[in-house]
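Structural overview for review
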Amino acid sequence: MNISVVIPLLNEQESLKELYDWIAKVMQSNRFSYEIIFIDDGSTDNSWSIIKQLSKEDDNVKGIRFMKNFGKSQALHAGFNKAKGDVVITMDADLQDNPDEIPELYDMIVNQNYDLVSGWKKKRYDSVLTKNLPSKLFNWAARKTSGVRLNDFNCGLKAYHVDVVKNIDVNGEMHRYIPVLAKNAGFSNIGEKVVQHQARKYGETKFGMNRFIHGFLDLITIWFISRFGRRPMHLFGALGVLMFGIGFAFALYLGIDKLFINPTGRLITQRPQFYIALATMIIGTQFFVAGFLGEIILRTKESKQRYLVKQELNF
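Residues numbered from 1 in each chain as written. Predicted model: local features only at pLDDT ≥ 70, side-chain atom pairs only at ≥ 80, totals over all residues. Heavy atoms only, no water.

1. Some remarks on helix α9 (residues 232-261)
- Helix length check: α9, at 30 residues, gives a terminal C-alpha distance of 42 Å against a target of 44 Å (1.5 Å per residue), a fit within 8%.
- What α9 keeps buried is the set Pro232, Met233, Gly237, Gly240, Gly247, Leu254 and Asp257. (Helix = DSSP H or I, 4+ residues; strand = E, 2+ residues; numbered from the N terminus. Expected span 1.5 Å × (residues − 1). Buried < 20%, exposed > 50% of the residue type's maximum accessible area, 1.4 Å probe, protein only.)

What follows is the structure, encoded as structure tokens:
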């Protein structure tokens, strides 16, 4: 199979039929063998009914329905697990991503040997203050922190070689950082393509300003995991040594001063250096404990199910 199109969605009943028709037209005109995987992330409208109807009319349409809203990352994870195409295309269901971009994205993966190609919505039709400017700031921070030179981490339109999606673990809200996850997994040939962004035709956006706050927090998380996820003791142990060393130095100074330099001076407990020494040695010990706990958790962790599937179609 040439292409798997993975589409996570939440309450997009107005756009699904139009999106399906558009994708099917592109696939058939280019003679691709394909599947379209819709992941209903807990919709409360008629989205699932429409997906069921489409799956009856076309065996290429497949559906996954979650018990409730688990988030876009979990929806992508479920779609990636089921995808069978040599190239996996992800896009949003709100018609802001253009399916006409699919052939070129496919060519970049198959013939130009990219592992991943991310769309760049260079010209956007979103609010400047609430979406465009925060997005530019977010993308700048993501580039500086991750080292992945992309202009638009948030673009839902991306193309992947199948090996990428089968070897990365998308969880939490890490869908924004799939290129970073891919790079950390060893897939370094990451490209970018300017894609057409379209104004939202139906409904309202499901993401508010809080997504940028969450995004920055996730960026810190992924930075930490990429550098110290397999060796937490290296970070916490180093901090522990530093803090304990500072405390020990103050304690040694107080001891020498009291015993040999100024034995008739103030009591040690009346001097601020004593509390600095005590606090830093306790903090150093806590860092060591955190490092040990991290190592123990890393060695004993088990993979837990992060979402519950209510129903599947055509798998």
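After that view, the rundown keeps rolling.
2. Let's talk about the packing of helix α1 (residues 13-29) against helix α2 (residues 47-57)
- Running from N to C, α1 and α2 point in directions that differ by 20°, and their axes come no closer than 8 Å. One way to sum up the angle between α1 and α2 is to call them roughly parallel. Remark: the crossing between α1 and α2 carries right-handed chirality. The segment α1 lies against α2, with Gln13, Leu16, Lys17 and Tyr20 engaging Ser47, Ile50, Ile51 and Leu54.
- Split into classes, the residues belonging to the contact of α1 with α2 amount to 5 nonpolar, 2 polar and 1 charged. (Axes fitted to C-alpha atoms, helices over the stretch in contact; angles between N-to-C directions. Parallel < 35°, antiparallel > 145°, perpendicular 65-115°, else oblique. Left-handed = near helix turned anticlockwise from the far one by under 90°. Contact = heavy atoms within 4.5 Å. Nonpolar A, V, L, I, M, F, W, Y, C, P; charged D, E, K, R; others polar.)

3. A look at the packing of aromatic side chains
- Under the definition given, this model contains 6 aromatic pairs.
- Considering the side-chain rings of Phe32 and Tyr106, the 4.8 Å spacing of their centres and the 55° angle between planes classify their relative orientation as tilted. Of the two residues, Phe32 sits in the loop between α1 and β2 (34-40) while Tyr106 sits in helix α4 (residues 102-110), which places them 74 residues apart along the sequence. With respect to burial, Phe32 and Tyr106 carry one shared label: buried.
- Pairing Phe80 with Tyr160 gives two aromatic rings, centres 5.5 Å apart and planes at 65°, and the pair type is edge-to-face. Taken as a pair, Phe80 in helix α3 (residues 72-82) and Tyr160 in strand β6 (residues 158-161) lie far apart in primary sequence, 80 residues in all. (Phe/Tyr/Trp six-rings, centres within 6.5 Å; stacked < 30°, edge-to-face > 60°.)

4. Examining the pairing of strand β4 (residues 87-90)
- Across the two faces of β4 the burial is the same, with Val87 and Ile89 and Val88 and Thr90 all buried.
- The pairing of strand β1 (residues 3-9) with β4 spans 4 bridges and is parallel. Bridge pairing in β4 places Val6 opposite Thr90.
- Across 4 bridges, the pairing between β4 and β6 is antiparallel. Along β6, the bridge assignment pairs Thr90 with Lys158. (Pairing = 2+ DSSP bridges.)

5. Description of the pattern of salt bridges
- This model, assessed by the stated rule, comprises 8 salt bridges.
- The partner of Asp257 in a salt bridge is Arg271, and the shortest N-O contact between them spans 2.5 Å. You can see Asp257 sitting in helix α9 and its partner Arg271 sitting in the loop between α9 and α10 (272-300), a full 14 residues away along the chain.
- A single network of salt bridges, built from pairs that share partners, joins Glu101, Glu104 and Lys193. (Salt bridge = Lys/Arg side-chain N within 4 Å of Asp/Glu carboxyl O.)

6. Digging into the side chain of Lys62
- When you line up the elements, Lys62 lands in strand β3 (residues 61-66).
- Here Lys62 is in contact with Glu35, Ile36, Ile37, Phe38, Lys84, Leu313, Asn314 and Phe315, once residues within four sequence places are set aside.

7. Things to note about the pairing of strand β5 (residues 116-120)
- With 4 of 5 residues buried, β5 lies mostly within the body of the structure.
- The pairing of β5 with β6 spans 3 bridges and is classified as antiparallel. By the bridge assignment for β6, Leu116 is matched with Tyr160.
- Inspection of the sheet shows β5 paired to strand β7 (residues 190-194) by 5 bridges, in the parallel sense. Pairing of Gly119 across the sheet is with Lys193, part of β7.

8. Section: the sheet that holds β1
- Overall, mixed pairing links the 8 strands, which are arranged β7-β5-β6-β4-β1-β2-β3-β8 in an open sheet. Both edges of this open sheet fall to β7 and β8 (309-313), since each of them pairs with a single strand only. Pairwise comparison of adjacent strand axes, ignoring direction, gives a mean angle of 15° for this sheet.
- Contacting β1, β4, β5, β6 and β7, α4 runs over the sheet at an angle of about 140° to β4.

9. Some details on the nonpolar core
- Val5, Ile7, Phe38 and Ile89 are the most contacted members of the largest nonpolar core, which totals 35 residues.
- Listing elements by their share of this core, those giving two or more residues are β1, α1, β2, α2, β4 and α4.
- If one sorts the elements of this core by residue count, α1 sits on top with 7 residues.
- With sequence-adjacent residues up to four places away left out, Val5 is seen in contact with Ile23, Met27, Glu35, Ile36, Ile37, Ile89, Met91 and Ile102.
- Residues Ala78, Tyr160, Val164 and Tyr177 belong to the second largest nonpolar core, which totals 34 residues. (Core = buried A, V, L, I, M, F, W, Y, C linked by side-chain atoms within 4.5 Å.)

10. Focus on α2
- Taken as a whole, α2 has its buried residues at Ser47, Trp48, Ile51, Leu54 and Ser55. Looking straight down α2, one finds its buried side chains confined to an arc of 120°; they lie on one side. Facing away from the buried side of α2 by more than 90 degrees, the exposed set consists of Lys56 and Glu57.
- In this structure, the buried side of α2 is in contact with β1, α1, β2, β3 and β8. (Arc of directions from axis to C-beta.)

The analysis is restricted to geometry; functional conclusions fall outside its scope.
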